Amino acid sequence: MTSAAGPDEDSDRRNVSDATGVVVLGACAAWSLISAAVHGGRPEGVLLAVLAVAAGYAVGRISGALLPVAAPCAGALAGVTLTLAVPRLAPGPQLVAPLGHAGATAAVLTLSAGAACCAAWSARSAVLRLGLRLLAAGIAVTAAVLGSTSGLVGCAAVLLCSLAAGQVRRRGLGIAGLAVAALAVTGLTWAVAASAVPGGFGGWLEGQLTRQRVRLWHEALRLAHQDLALGVGPGRFGELGGTADGAVPVDGKPHSALLQQVAEQGVVGLLLLAAAFCWMLFALWRTGRPTPVALTAGATLTALAAIAAVGNALSFTAVSVGAGLLAGLATARPLTTEPSPSDESPTHARDSHPVP
């Protein structure tokens, strides 16, 4: 399934999405410096994350254009190898609670599964396509073996969404559904942090998330109220979050990307984080790649957003690079014509891409 738009229209769409990305990432970097200048703090972590996303996106665009099947497959294998080769990235006996590196493990494995599924949709051979989907299933099994429940759920969700993406006729509806899913996870996380989840369901959620994590979230909201606009300064949660009964871990993180952002950089920082995610979905909506590739990448990034909402995944450079890489691979323009899914008609192919 190829784009119905001409080369000039396709280039215009890419230019718009790329320019949007430059503005959003630049704003994220600039705001971290502004917040740090007002309240102090260490903006280096945010700047490194922005640089990692941008570098990964650029590499993904280049490698995806040259090797639309091999590049995402190599990325998937690299992610699994990284998880297995770096002991601190995998959840093990050294962790007494599902904090810290467990979120990074789930995120890297989820991104790896998404890359394998994107490669499958770009493959011409049915046998190769099946093999790549088996690779994605194997990554989910790896997550289970490592004891990463969230990684298993994320990989399985990505694989199922990728299989369903071949039946989606309107890309915009799929992208909108992913945005709604991310918003729902964000809202639920915020509700738990604000103790707004009623009754037994709230208690069950707190049990799944652990009381330590929930106390960290309460502390993040308390700090956010000190300065809703600017926050307390990037990297300062560990210094100022001292009323959580010793719950602040050694890494000084609240273990929720959105709550860390609102505590350290205020509402503006939170909106910029949301804008970065929306930019990636926007780029996937505008891309000339086949709809299943775009929706598979979108589902993977949405799963990553859910993991980051309840964990510390985005504090790891490998995760930021992987997110940018996957987005770049899914928005690259291959030098060769991509195959059409066998179960789609020409009308399906025309209807599956947005009108510029």
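Residues numbered from 1 in each chain as written. Predicted model: local features only at pLDDT ≥ 70, side-chain atom pairs only at ≥ 80, totals over all residues. Heavy atoms only, no water.

J.: So what exactly am I meant to see when it comes to the overall build of the protein chain here?
T.: Counting its secondary structure elements, the protein chain contains 14 helices and zero strands. Ordered by position from the N terminus, the helices and strands of the protein chain form the series α-α-α-α-α-α-α-α-α-α-α-α-α-α. Taken across its 356 residues, the protein chain has 51% of its residues classed as buried. Restricting the contact set of the protein chain to residue pairs at least 6 apart, pairs at least 24 apart contribute 80%. Total accessible area on the protein chain is roughly 15,000 Å²; 70% of this is exposed by carbon and sulfur atoms. (Helix = DSSP H or I, 4+ residues; strand = E, 2+ residues; numbered from the N terminus. Buried < 20%, exposed > 50% of the residue type's maximum accessible area, 1.4 Å probe, protein only. Contact = heavy atoms within 4.5 Å. Areas by Shrake-Rupley, 256 points an atom, 1.4 Å probe, with all protein chains shown as cover.)

J.: Is there a simple way to think about the pattern of salt bridges in this case?
T.: Working definition: two side chains of opposite charge can pair if their charged atoms are close together. Inspection of every chain in the model, using the stated rule, returns three salt bridges. A salt bridge links Arg-61 to Asp-18, with the shortest nitrogen-to-oxygen separation between them at 2.8 Å. With Arg-61 in helix H2 (residues 44-66) and Asp-18 in helix H1 (residues 7-39), this pair connects stretches of sequence that are 43 residues apart. Its salt-bridge partner being Arg-222, residue Glu-219 comes within 2.7 Å of it at the nearest N-O pair. Taken together, the residues span about one helical turn, with Glu-219 and Arg-222 both in helix H9 (residues 211-224) at a distance of three residues. (Salt bridge = Lys/Arg side-chain N within 4 Å of Asp/Glu carboxyl O.)

J.: Looking at this structure, how should I read the packing of H9 against helix H11 (residues 257-286)?
T.: In a packed pair of helices, the relevant descriptors are the angle between the two axes and the axis-to-axis distance. Two elements in contact, H9 and H11, have axes whose closest approach is 7 Å; the angle formed by their N-to-C orientations is 30°. Classified by the angle their axes make, H9 and H11 are roughly parallel. Read as a crossing pair, H9 and H11 show a hand that is left-handed. Only Leu-259, Val-262 and Ala-263 of H11 make contact with H9, whose side of the interface consists of Trp-217, Ala-220, Leu-221, Leu-223 and Ala-224. Residue composition of the contact of H9 with H11, grouped by class: eight nonpolar, no polar and no charged. (Axes fitted to C-alpha atoms, helices over the stretch in contact; angles between N-to-C directions. Parallel < 35°, antiparallel > 145°, perpendicular 65-115°, else oblique. Left-handed = near helix turned anticlockwise from the far one by under 90°. Nonpolar A, V, L, I, M, F, W, Y, C, P; charged D, E, K, R; others polar.)

J.: Please explain the nonpolar core as it appears in this structure.
T.: Inside soluble globular proteins, nonpolar side chains tend to come together where they are buried. Among the nonpolar cores identified, the biggest contains 58 residues, and Ile-139, Trp-279, Leu-284, Leu-301, Leu-304, Val-319 and Leu-326 are the most heavily contacted of them. It is helix H4 (residues 101-122) that provides the largest number of residues to this core, a total of twelve residues. Those residues in contact with Leu-301 that lie beyond four places of it in its chain are Phe-277, Met-280, Leu-284, Ala-323, Leu-326 and Ala-327. Core analysis: the next-biggest nonpolar cluster, separate from the first, contains 21 residues, Leu-216, Leu-223, Leu-259 and Ala-263 among them. (Core = buried A, V, L, I, M, F, W, Y, C linked by side-chain atoms within 4.5 Å.)

J.: It is not clear to me how the confidence of the model for the protein chain should be interpreted in this structure. Could you clarify?
T.: Low pLDDT means the predicted coordinates in that region are not meant to be read closely. Overall, the prediction assigns the protein chain a mean pLDDT of 85, with 83% of residues at 70 or greater. Highest mean pLDDT in the protein chain belongs to helix H12 (residues 291-309) (96); lowest belongs to helix H14 (residues 346-351) (37). Every residue in residues 1-5 scores below 50 in pLDDT, and together they form 21 contacts with partners more than four places removed in sequence or on other chains. (pLDDT = per-residue confidence, 0-100.)

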